[in-house]
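Each chain, written out:
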Amino acid sequence: AQSVAQPEDQVNVAEGNPLTVKCTYSVSGNPYLFWYVQYPNRGLQFLLKYITGDNLVKGSYGFEAEFNKSQTSFHLKKPSALVSDSALYFCAGPQGGGGADGLTFGKGTHLIIQP
Amino acid sequence: EAGVVQSPRYKIIEKKQPVAFWCNPISGHNTLYWYRQNLGQGPELLIRYENEEAVDDSQLPKDRFSAERLKGVDSTLKIQPAELGDSAVYLCASSWPRASEAFFGQGTRLTVV
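All figures in this text were calculated on a predicted structure; none of them were measured in a lab.

*Asks:* Please explain the overall build of chain B as it appears in this structure.
*Replies:* For chain B, the count of helices and strands is zero helices and eleven strands. Against the compact-globule benchmark of 13 Å for 113 residues, chain B has a radius of gyration of 13 Å, which places it among compact chains. In terms of overall dimensions, chain B has C-alpha extents of about 40 × 25 × 25 Å along its principal axes. Taken over 113 residues, chain B has a buried fraction of 47%. Carbon and sulfur atoms form 49% of the exposed surface of chain B, whose accessible area is close to 5700 Å². For chain B, the distance from the average site of its 13 positive side-chain charges to the average site of its 14 negative ones is 5 Å.

*Asks:* I'm lost on the environment of L82 of chain A in this one. Help?
*Replies:* All names here are of chain A. Within the secondary structure, L82 is located in the loop between β9 (73-78) and β10 (87-94). When its relative accessible area of 40% is taken as the criterion, L82 is described as partly exposed. Each residue touching L82, except ones within four places of it in the same chain, is listed here: E15 and I113.

*Asks:* It is not clear to me how the pairing of strand β12 (residues 109-114) of chain A should be interpreted in this structure. Could you clarify?
*Replies:* Looking along a regular strand, one sees side chains alternate from face to face of the sheet. Residue and element names in this part refer to chain A. Side-chain alternation along β12 places T109, L111 and I113 on a buried face and H110, I112 and Q114 on a face that remains uncovered. Inspection of the sheet shows strand β2 (residues 10-14) paired to β12 by five bridges, in the parallel sense. The partner of A14 across the bridge, within β12, is Q114. By the bridge criterion, three bridges tie β10 to β12 in an arrangement that is antiparallel. Its bridge partner being in β12, A87 is matched across the sheet by L111.

*Asks:* Help me out: how do you make sense of the interface of chain B and chain A in this one?
*Replies:* Interface size is commonly expressed as the accessible surface area that is lost when the partners come together. At the junction of the two partners, chain B supplies 25 residues and chain A supplies 21 residues. For the pair chain B and chain A, the summed buried surface comes to about 1700 Å²; carbon and sulfur atoms form 48% of the total. Along the contact surface separating chain B from chain A lie one salt bridge. Of the charged contacts, one joins E101 of chain B and K49 of chain A as a salt bridge, the two residues approaching to 2.6 Å between their closest N and O atoms. Linking chain B with chain A are four residue pairs in polar contact (both at pLDDT 80 or more), by the criterion used here.

*Asks:* Would you take a moment to explain the sheet that holds strand β7 (residues 65-68) of chain B for this structure?
*Replies:* The strands making up a sheet associate through backbone hydrogen bonding, with each pair oriented either parallel or antiparallel. Residues and elements named next belong to chain B. Taken together, the four strands give an open sheet; going across it, the order is β1-β3-β8-β7, and neighbouring strands pair in antiparallel fashion. The open sheet has two free edges, formed respectively by β1 (5-7) and β7, since each of these has just one partner strand. Averaged over neighbouring strand pairs, the angle between their axes works out to 15 degrees when direction is ignored. Relative to strand β8 (residues 75-79), β7 runs antiparallel, the two sharing four bridges.

*Asks:* I keep staring at the side chain of E64 of chain A and nothing clicks. Help me out?
*Replies:* Residues and elements named next belong to chain A. Within the secondary structure layout, E64 lies in strand β8 (residues 64-68). The exposure class of E64 is buried, given its relative accessible area of 17%. For E64, the contacting residues outside a window of four places in its chain are L48, L56, V57, K58, H75, L76 and K77.

Rules used in this analysis
Along every chain, residues carry numbers that run from 1 in the direction the sequence is written. Going through the entries in the order they are written, you letter the chains from A and number the ligands from 1. Totals for whole chains, interfaces and linings use all residues, but because this is a predicted model, local features are given only for residues with pLDDT of at least 70 and pairs of side-chain atoms are given and counted only at 80 or more. Calculated side-chain values reflect all of the structure's heavy atoms, with hydrogen atoms and water omitted. Numbered from the N terminus, helices here are DSSP runs of H or I no shorter than four residues, and strands are runs of E no shorter than two. This radius of gyration counts C-alpha atoms alone. The globule rule is 2.2 Å times how many residues there are, raised to the power 0.38. Burial status follows relative accessibility: with a 1.4 Å probe on protein chains alone, a residue under 20% of its type maximum counts as buried, one over 50% as exposed, and anything between as partly exposed. The Shrake-Rupley method, run with a 1.4 Å probe, gives the accessible areas here. Residue values count only the displayed protein chains as cover. Charge counting treats Lys and Arg as positive and Asp and Glu as negative, with His and both chain ends excluded. Positions of charges follow a simple convention, taking NZ of Lys, CZ of Arg, CG of Asp or CD of Glu. Contacts were defined at the residue level, with two residues in contact if any of their heavy atoms lie within 4.5 Å. Whether two strands pair comes down to DSSP finding at least two bridges between them. Computed with a 1.4 Å rolling probe, the buried area is the accessible surface lost when two parts are put together, summed over both parts. Note on definitions: salt bridges are taken to be side-chain nitrogens of Lys or Arg within 4 Å of carboxyl oxygens of Asp or Glu. Definition of a polar contact: a pair of N or O atoms within 3.5 Å, with one able to donate and the other able to accept a hydrogen when the atoms are protein atoms, and with sequence-neighbouring residues admitted only if both atoms are side-chain atoms. Axis lines are fitted through C-alpha atoms, for helices just across the contact stretch, and the angle between N-to-C directions can take any value from 0 to 180 degrees.

Have a look at this one:
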């Protein structure tokens, strides 16, 4: 079965420090992987995706993610955290084998950036 | 360009009552999804449409949930009768055909009392 896992419920980072939000996947074939962010009382916003090609994917708001096939990971990173980055982050992968099959989401990681 | 529009934003109903949610996807997006997000969890897919055809409804509780997408544009998700456990945020999303990222609406927060 296709699945993604986010091992951390919460990540605390001081403003200005680098941040990492972890995600591991179990997806057959070539994985399509995504990161979404959710602010309070808002829908999910797409941040970035990995389909194929470069293992380092750049996305919105200065975020990037590194696809690591040997470790089956797709961690979200940012070199310098902002207080406004505080939100709920979801890693997601395809439910089926294709990109438009609908997504299966991790349980989410609360990212808290402390001033 | 307008995003995915959902209404209502909030709905409180008594158990056993019916409820309906409406979604207008991004113009041109043939694929439409309904997700349910329980508190503290990630969204879970309920149903996926390609144009007006429901191509994946395997996770839709069909005894009480129904959905339609007439003319392949707007969609309605209905629950009848609602149960306490249906309290959640119902998210609609849309995407281009065979594209990977989906764009989400703000959701409808349903509270069943």
